[in-house]
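Per-entry structural report
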Amino acid sequence: MATFKKKVNVSRIVLFAAIPVVLAALVLTGFFTFRRPLARFSMDFYYPFYQAAKHVELAGARQALAMQPRQKLASAVEQLQRQNAMLAAQVQLLREMEADNERLRQELRMPRWSGYHEVYAEVILRDPATWSEQFVISKGLGDGIETGDLVLTFEFAPRGGTPSCVLAGRIIETSARTSVVATVVNPACQLSVSLAESGANGTLTGNGASSMTALVSRLPLKSKYGIGEMVLTSGFSERTPRGICVGYLTDAPVGVNRAAVVHDGGLYAEAWMKPAVSPDSIRFVVVLTGK
Amino acid sequence: MYAFFYFTSCSILLLVAETLLRSAGLTLPLLGFFFPAAAFIVSPRMALGFALVFGIAMDFVLGYMMPWDGILLPLLTLPALFLHGKRPASDVLEFLAGAMIPPVLALPHVWTSLTTPDAFASLMMSCLCGAILFPLMAALISRSAVRLKIGIEGEENGGA
């Protein structure tokens, strides 16, 4: 009787241990097999809920803005008009340059530059556990966004100067109405970069939220690099325009026993980069999609 | 059938609420409280199935590359299958279970973000909220199950 009881207990324990393992294996298999279609379905299914919540938030923000003193609002409008005029002038100059570029390309019989289409989006979802590494934006495949597209944000100049665009990250997942952005500190974000002063080219890989830095590797050994040197997109890949500010070279993160620029196995140099804009504070973005 | 609709509607709404709270910077695993409580009160098998589906949905919605919630939510719900829906008699056990759920669900992120003091303080806060919210949610599910005459407690109290 005692032996029978013991047998039953052992089988129950085995069952208790086996079920979680089998369950985890099933979940992982299903997840990776059907990940893409199911992810798109889930993200699109929940989109109206988040959009509704955003509308409520926006309505609240508008009401809060309307409650500001008139004088303050008037001065803000004046400042925005000034900024708008400056930006319009810059756009006009750029249009002329674009036309020149197009004409020169035709004369040199170079392939036509396809250009980029800008999609404005706002951050609709974030998780505190991955706050600095990734977020979900309100535009997706339906707006022409594709995996690998670059995501820009604005760096506001002090004293009301014109804001400049800096790189926020890259699209890593898309559904019809939403997209997931990996910020420059996310290890999933990789791109080709060049350094402004030395002109050297390297590969940028995110180093995680704990250090809030990214690693620029495969830099030539012969060039000299200094802390504070600007890191720009190189424009080597198809979906990456050249010259967008990504960040600045910095000291190695705390806890890493390396200097700012180190040799990578004696063949290349590598350096640490601090993002131009803190990924924590990004609320609105512009996605550059191919035309 | 009623239980199925009950689980579907509650899961959809709680997932939206949890993700919106997360976007506001608050980590309150509402689904993590709901499924274990509903497993003891309504139906353990159905709770397990829904925990699996909505755990994965949560990972998809937040853009995770690994199904952490899809694995951990069913694991938290699993004990109800072996205890045959017997709810713990002591309130202290419910408080403890509520306090333990947030750290279990935060386990995959321990190696990255929880090393920062802010994240640790946030986790402690969600433990405290969990200790209060879990018994409250269990009481709410219990009351609604009796009212809707669904699941274990609903049937014990004269339901269909």
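Residues numbered from 1 in each chain as written. Chains lettered and ligands numbered in written order. Predicted model: local features only at pLDDT ≥ 70, side-chain atom pairs only at ≥ 80, totals over all residues. Heavy atoms only, no water.

1. Focus on the pairing of strand β4 (residues 164-174) of chain A
All names here are of chain A. Of all 11 residues that make up β4, 9 are buried, and the element is covered over most of its length. Relative to β4, strand β3 (residues 150-155) is paired through 6 bridges, and the arrangement is antiparallel. Bridge pairing links Val151 to Gly169 in β4. Taken together, the 5 bridges between β4 and strand β5 (residues 179-183) define a ladder with antiparallel strand orientation. Across the sheet, Gly169 pairs through a bridge with Thr183, a residue of β5. The hairpin formed by β4 and β5 contains 4 residues between the paired strands. (Buried < 20%, exposed > 50% of the residue type's maximum accessible area, 1.4 Å probe, protein only. Helix = DSSP H or I, 4+ residues; strand = E, 2+ residues; numbered from the N terminus. Pairing = 2+ DSSP bridges.)

2. Observations regarding the pattern of salt bridges
All names here are of chain A. For the structure on display, the rule yields 8 salt bridges over all chains. For Glu173, the salt bridge is made with Arg36, and the minimal N-O distance between the two is 3.7 Å. One end of the pair, Glu173, is in strand β4; the other, Arg36, is in helix α2 (residues 35-66), with 137 residues separating them in the sequence. Taking the relative accessible area as the measure of exposure, Arg36 reaches 41% and is therefore partly exposed. Here the salt bridges do not stand alone but share partners, grouping Arg35, Arg36 and Glu173 into one network. (Salt bridge = Lys/Arg side-chain N within 4 Å of Asp/Glu carboxyl O.)

3. Thoughts on the domain arrangement of chain A
Residue and element names in this part refer to chain A. Partitioning chain A into structural domains gives domain 1 (1-67) and domain 2 (109-291). At the interface, 11 residues of domain 1 touch 14 residues of domain 2. Between domain 1 and domain 2 lies a buried interface of about 1200 Å² when both sides are counted; carbon and sulfur atoms form 56% of it. Contact with domain 2 buries area across many residues of domain 1, yet Met43, Tyr47 and Lys54 alone supply 43% of it, more than any other trio. In this structure, Arg35 and Glu173 form a salt bridge, with 2.6 Å as the shortest nitrogen-oxygen distance. Summed over the shared surface of domain 1 and domain 2, the number is 6 residue pairs in polar contact (both at pLDDT 80 or more). (Domains from an automatic or database assignment. Contact = heavy atoms within 4.5 Å. Buried area = accessible area lost by both parts, 1.4 Å probe. Polar contact = N/O pair within 3.5 Å; in protein donor to acceptor, adjacent residues only side chain to side chain.)

4. Re the nonpolar core
Within the largest apolar cluster, 74 residues are counted, with the highest numbers of intra-cluster contacts made by Leu204 of chain A together with Leu15, Phe34, Phe35, Val42 and Ile141 of chain B. Looking at this core element by element, the count peaks at 10 residues for helix α2 (residues 30-41) of chain B. Residue-level mapping places this core at the junction of two domains, with at least three residues from each of domain 1 (1-67) and domain 2 (109-291) of chain A. Excluding anything up to four places from it in sequence, Leu15 of chain B contacts Tyr46 and Tyr50 of chain A together with Leu31, Phe54, Ala57, Met58 and Val61 of chain B. (Core = buried A, V, L, I, M, F, W, Y, C linked by side-chain atoms within 4.5 Å.)

5. Side note on the interface of chain B and chain A
The interface of chain B with chain A comprises 34 residues on the first partner and 35 residues on the second. Interface of chain B and chain A: buried area, both sides summed, is about 3000 Å²; carbon and sulfur atoms make up 75% of it. Looking at the side of chain B facing chain A, the largest losses of area belong to Phe60, Met65 and Phe82 of chain B, adding up to 24% of the total buried there. Viewed at the interface, chain A and chain B are joined by 1 salt bridge. Here Asp127 of chain A makes a salt bridge to Arg22 of chain B, at a shortest N to O gap of 3.0 Å. Counting across the chain B and chain A interface gives 6 residue pairs in polar contact (both at pLDDT 80 or more). Broken down by secondary-structure element, the contributors of at least two residues to the side of chain B that touches chain A are α1 (2-23), α3 (44-61) and α4 (68-77) of chain B.

6. Notes on the packing of α2 of chain A against α3 of chain B
Contact geometry of α2 of chain A with α3 of chain B gives a least axis separation of 8 Å together with a crossing angle of 80 degrees. The orientation of α2 of chain A with respect to α3 of chain B, classified from their angle, is roughly perpendicular. Contacts between α2 of chain A and α3 of chain B involve Arg35, Leu38, Ala39, Ser42, Met43, Tyr46 and Tyr50 of chain A from the first element and Phe54, Ala57, Phe60 and Val61 of chain B from the second. Residues that form the contact of α2 of chain A with α3 of chain B fall into these classes: 9 nonpolar, 1 polar and 1 charged. (Axes fitted to C-alpha atoms, helices over the stretch in contact; angles between N-to-C directions. Parallel < 35°, antiparallel > 145°, perpendicular 65-115°, else oblique. Nonpolar A, V, L, I, M, F, W, Y, C, P; charged D, E, K, R; others polar.)

7. A short note on the pairing of strand β7 (residues 201-206) of chain A
All names here are of chain A. Of the two faces of β7, the one holding Gly202, Leu204 and Gly206 is buried and the one holding Asn201, Thr203 and Thr205 is not buried anywhere. Summarising the sheet, strand β6 (residues 190-195) and β7 pair through 5 bridges and their orientation is antiparallel. Paired with Ser194 across the two strands is Asn201, which belongs to β7. In sequence, β6 turns back onto β7 through a hairpin of 5 residues, with Gly199 there showing a positive phi of about 75 degrees. Inspection of the sheet shows β7 paired to strand β8 (residues 214-219) by 4 bridges, in the antiparallel sense. Residue pairing in the sheet places Thr205 in a bridge with Leu215 of β8.

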